[in-house]
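As a plain string of letters, each chain reads:
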Amino acid sequence: MNHWLQIPPDATGDKEFSSILKTKARSFFFINLAFFFGLLSFLFIHHFYKSYTPHLYYLVWILFIINIGVFFQILKGRITGTGYFFVAVIFLAAWQPIFSPHSPQHVLNQFDSIIYIYILSITALLFLEKRSLLYLNLANLVLLTAAYLLSPAFDRLPEDAAWLYYIENLVALGFVTVVSFFLQRMSKQYQSLLLVQNQRLTAEIEEKRAAQKRLEETNLEMEAAYSELQAASEQLEESNEDLLQTNLRLEVSQNRLENLFLNAPYGVLILQSDTVILEVNTMAEEIIGMKKDKLIGNPLGLRSPETQPSGERSMELIRKVFAKALAGSLQSLEWTFLRGDERRILYVRTSHIPLQNEKLLLVFIHDITELKKNQDFLHLMQSILDFSAEGMLVTNREAKIILSNPALSTITGYSQDELLGQNPRIFQSNYHSTEYYQEFWRTLTNTGQWHGEIWNRRKNGEIYPSMLHVIAIRDEDNHIDKYVGITHDITELKESQSKVLYIKNYDPLTGLPNKNLFMDRLRLAIERKKENEQIALILLGLDSFNYINHSFGYTVGDDILKQFSKTLKMEKEIEYSLARIGGDIFGFMVYDIFQQDDLIKHLNLLQNIQDKSFAMENHEIFLKFCTGVSLHDQNEDAYNFYQKSYSALLRAKEMGAGQIQFFTDQMTVQISKRLNMENRLRKAIGNREIVVHYQPKIDIRTQQVTGMEALVRWHPPDLGMIPPGEFISLCEETGLIHDIGEEVLRQAAAFLKIVNSDRTNRIRSSVNVSVVQLLDLKIKERFLAIIQEAGIPITDLELEITESSFLNNNTGMQNLISLAQCGFPVSLDDFGTGYSSLSYLKDMPFHTLKIDQSFIRDIAHNPRSQLMLQSILELAKRMHLFTVAEGVEQKEQLQLLSSLGCDQIQGFLFARPMPADEFLAYLKKDISELFWNRF
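Attention in this report is confined to the structure presented alongside it. (Residues numbered from 1 in each chain as written. Predicted model: local features only at pLDDT ≥ 70, side-chain atom pairs only at ≥ 80, totals over all residues. Heavy atoms only, no water.)

### A look at the overall build of the protein
The helix and strand inventory of the protein stands at 32 helices and 25 strands. Per-residue burial for the protein yields a buried fraction of 40% across its 935 residues. For the protein, long-range pairs separated by at least 24 residues make up 60% of all intrachain contacts whose partners lie at least 6 apart in sequence. Of the roughly 52,800 Å² of accessible surface on the protein, 55% is carried by carbon and sulfur atoms. (Helix = DSSP H or I, 4+ residues; strand = E, 2+ residues; numbered from the N terminus. Buried < 20%, exposed > 50% of the residue type's maximum accessible area, 1.4 Å probe, protein only. Contact = heavy atoms within 4.5 Å. Areas by Shrake-Rupley, 256 points an atom, 1.4 Å probe, with all protein chains shown as cover.)

### Things to note about the pattern of salt bridges
Tallied over the entire structure, the rule returns 28 salt bridges. We note a salt bridge from Asp 475 to Arg 397, for which the minimum N-O separation is 3.8 Å. In this pair, Asp 475 is assigned in the loop between strand 9 (463-474) and strand 10 (480-489) and Arg 397 in the loop between strand 6 (391-396) and strand 7 (401-404), connecting sequence segments 78 residues apart. Arg 397 gets classed as partly exposed once you look at its relative accessible area, which sits at 43%. In this structure, Arg 878 and Glu 874 form a salt bridge, with 3.2 Å as the shortest nitrogen-oxygen distance. In this pair, Arg 878 and Glu 874 both sit in helix 29 (residues 863-878), four residues apart, roughly one turn of the helix. Of the residues examined, Arg 878 reaches a relative accessible area of 66% and is grouped as exposed. Residues joined by salt bridges that share partners form a network here, namely Lys 697, Glu 709, Glu 798, Glu 800, Lys 850 and Glu 886. (Salt bridge = Lys/Arg side-chain N within 4 Å of Asp/Glu carboxyl O.)

### As for the environment of Arg 523
Mapped onto the elements of the fold, Arg 523 is located in helix 15 (residues 515-527). In this structure the side chain of Arg 523 is engaged in a polar contact, spanning 2.8 Å, whose partner is the side chain of Asp 520. (Polar contact = N/O pair within 3.5 Å; in protein donor to acceptor, adjacent residues only side chain to side chain.)

### Brief notes about unusual backbone geometry
Glycine aside, negative phi is the norm for most residues, and most peptide bonds take the trans geometry. Within the chain, Asn 635 stands out as a residue other than glycine whose phi angle is a positive 65 degrees. Exposure remark for Asn 635: the relative accessible area of 76% places this residue in the exposed category. Its identity is not glycine, yet His 880 carries a phi of approximately 60 degrees, on the positive side. One can find His 880 in the loop between helix 29 and strand 24 (882-886). A residue is classified by how much of its surface remains accessible, and His 880, at 73% relative accessible area, is exposed.

### Quick look at a negative patch on the surface
Side chains of Glu 234, Glu 237, Glu 238, Glu 241 and Asp 242 sit close together on the surface and give a patch of like negative charge. Mapped onto the fold, Glu 234 is located in helix 6 (residues 159-262). (Patch = residues over 30% accessible without salt bridge, like charges linked within 9 Å, V, L, I, M, F, W, Y side chains within 5 Å. Lys, Arg positive; Asp, Glu negative; His and termini not counted. Charge placed at Lys NZ, Arg CZ, Asp CG, Glu CD.)

### Examining the sheet that holds strand 8 (residues 449-457)
With antiparallel pairing, five strands are arranged side by side in an open sheet as 7-6-10-9-8. Each having just a single partner strand, strand 7 and strand 8 make up the two edges of the open sheet. The average undirected angle you get between the axes of adjacent strands in this sheet is 25 degrees. Relative to strand 10, strand 6 runs antiparallel, the two being bridged by six bridges. Along strand 10, the bridge assignment pairs Gly 391 with Thr 487. Relative to the sheet, helix 13 (residues 434-447) contacts strand 8, strand 9 and strand 10, its axis offset from that of strand 8 by approximately 150 degrees. (Pairing = 2+ DSSP bridges. Axes fitted to C-alpha atoms, helices over the stretch in contact; angles between N-to-C directions.)

### Some details on helix 13
Structural remark: α-helix, 3.6 residues per turn; residues separated by three or four positions point the same way. In this model, helix 13 (14 residues) spans 20 Å end to end at C-alpha, consistent with the 20 Å of a helix rising 1.5 Å per residue. Three or more residues of helix 13 are buried, namely Tyr 437, Phe 440 and Leu 444. Taken down its axis, helix 13 places every buried residue within 50 degrees of arc, on the same side. Turned more than 90 degrees from where helix 13 packs its buried face, Thr 434, Glu 435, Asn 446 and Thr 447 sit exposed. On the buried face of helix 13, the contacting elements are strand 8, strand 9 and strand 10. Where helix 13 terminates, the next one or two residues include Gly 448, which has phi positive at roughly 85 degrees. (Expected span 1.5 Å × (residues − 1). Arc of directions from axis to C-beta.)

### A closer look at the pairing of strand 16 (residues 625-631)
Among the seven residues in strand 16, six count as buried, and that is most of the element. With seven bridges joining them, strand 11 (residues 534-542) and strand 16 adopt antiparallel strand pairing. Pairing of Leu 539 across the sheet is with Gly 628, part of strand 16. In this structure, strand 16 lies alongside strand 17 (residues 660-662), joined through three bridges in parallel fashion. Counterpart to Gly 628 in the pairing with strand 17 is Gln 661. At this point the chain moves from strand 16, through helix 20 (residues 638-655), to the parallel strand 17, and the crossover so formed is left-handed. (Right-handed = clockwise from strand over helix to strand, strands pointing away.)

### Some points on the environment of Leu 799
With respect to the element layout, Leu 799 can be found in strand 21 (residues 797-802). Sequence spacing of Leu 799 and Ser 766 is 33 residues, and the spatial spacing of their C-alpha atoms is 5.6 Å. Among all residues touching Leu 799, those that are not within four sequence positions of it are Val 767, Val 769, Phe 783, Leu 819, Phe 824, Pro 825, Val 826 and Ser 827.

### A closer look at the sheet that holds strand 16
Strand order in this open sheet of five strands is 12-13-11-16-17, and the pairing throughout is mixed. In the strand order of this sheet, the two ends are held by strand 12 (579-582) and strand 17, each with one partner. With strand direction ignored, the average angle separating the axes of adjacent strands in the sheet is 25 degrees. Alignment of strand 11 against strand 13 (residues 585-593), held across seven bridges, turns out to be antiparallel. Note that in strand 13 the partner of Leu 539 across the bridge is Gly 587.

Below you can see the structure in the form of structure tokens.
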């Protein structure tokens, strides 16, 4: 059977086949049922109606084919080609009538065969049971016999053919039965074989399943073992890695310890108990100043002074410290030692290293020389901070105060604790606008500092002026980190400035406006001048006022000036514009002059004051004054307007006491000439027209040139050399004396450096200083800057001052004293010709007394002049003043001055003032020979 039926590939084949039969049996049963009823319908129609219906035949045939298809669908995959062929032969043999002519008989025979064969075959294949097959075949036999017996009754077949038909079907039935039994048997064998095969396969499958299960269990065990092995391997790898890392850490630690020892930022030494050096690091070599190979194996021997700053002997101290360290005590000290010729300070810290076989000392040394210096510097800074008169504070970047000094507390009234953490805004006085503070921060941020005057408020609410300097401190990233503020109270300075402003604009003796304020008011009057209005400027000059000073003294003279100014102020018409121009000159302006009578009225007021008497120390003094008057011209400035009145005043004084002089056109010519000279003088310095000539000063004892006087000359190319007497007074009036005086000083200092560059006996140069220069509050700074620029000692430049320079001039006197305190030698020029007062020699810091040539001119023939000169020289000697006689032109004068003990001489007898190059040539002459030839 297995040659035409396939055995299922596994033990599940039989179950699968049975499952297919069961699922298909129902549909297969209904199809066959329909087919069976179709056949019965056909037979009844044919037998009862004796008609042939081929269409029904085809329908039954189609149903039959469908059943065959379903049958083979059930057996799909289980019937081989041989099986298909075997089944086909059976059906073809049984269905032979299909190919017969289509007659009703043949058709009936055909359908009979179809019915029987189909039913038997399907039944045999479906049930495959002997009993069922036997019952079926018996039923078919009964039906066949019944059909045969009944066929005549239905006239189905002719009688002679019925028998044949019966035999034919009987044979077919038998054939089918035999075949069915054969198939059944073969099927049983196949089932037995299939059962055995299935059992064998089932056993094999079970074994395989068991083996697979064991394999799976083994795999699980192996996986578990592998996991354990992998975990163990990972743990081993981790252990190896930890060990490797530990080794690396140990190695790194060892290297780190070695590097730490060798490259430590402090010196490290290891000593034996006998202080022999076993090991040193790099820093110790650098600190001690010796290489490692010279230190190891040798005792520690730092060169030290015999005693330390503490007073202990150096070696005793170090032995005592090391002994305590070996005993187990940690020791430290500051140690002074010598590295070369340099004294250094070490911080030494030593301890015992406990070992079994030997005792070692671990010594740390650190050079704290710079630290001590820094500490001293910080202590100094703290002292400056604590004792500074200026208030100081430090804020962080958020402008919170983190430090202040006691001076700030004194200035503001806030204690240091109260200021800590506060914003400097607590000092704000609301005196300044918001824009002022915005500009403050803008400048501070952009430039890093701010300096200026600011009004602050004290704790008690008082507002005060202060000078503030704020600096922004930046960190390494150039970001502002802190602010430092330095301030001081300038209340007294403000008051002093007010006083200075008063002194600048008012005469301290009379309280009247001075020339400076008077000129400002004159300019303002010219600016406000109305159309057709005229302004008159009147200057008054007292007559014989010098006589009053000489006769009664300066105190009386000052009192006279006060009373005269008081008298002028009593005249209300001139009070508001009255001023003391200087000395004995007063001035005032007359406004609102629209006709001649307006001016005459004011002049008459002045005449009423003429010959007014003043009582002074039991004396009655009558004063007269001269008057200069000028009227303002269109487009004329204040200076020219004043010069016209001044020229008129000078002309009035020339005419005699009590005279009044109006400005004339001839005076205009003189003023024009004066203005032209002034304009040319203003350009003289830039055009290098200001030159300096030098006249030597001879030391009588050494017969050597030991000094020279720098004398200014104006040398315009078209006018030739102009002596100082023709332009110095104009320079003083116009203020040009400041620039020209500094130019002379600058040239003299530069030439002096050349002169003294190759001399063993230094020459001192003297320079004349004007009274106007002494009124300059910054004269000291200007002169010092010139000396520094020239690079000469300050003592090589002597300042010559006339007595009138500081007469009744406190500012000039103070400036002169300040210059002397800086180191400038000061010489009093033209002594005896002015308003000499011996108190000046006592109070002023003079170094030299220069005797005017008027005392020298006739000393050879006038005993009284000799006696006066002898008195002057004796006075100077007793006051330890150096003396210089100027204007020496005769050998008799030289002999007499030498016998009287004069120190230096200056005059035409030896040399006239000369340019710089001639003076250098003069220095090369034999002065001693020239000196004695003059005798």
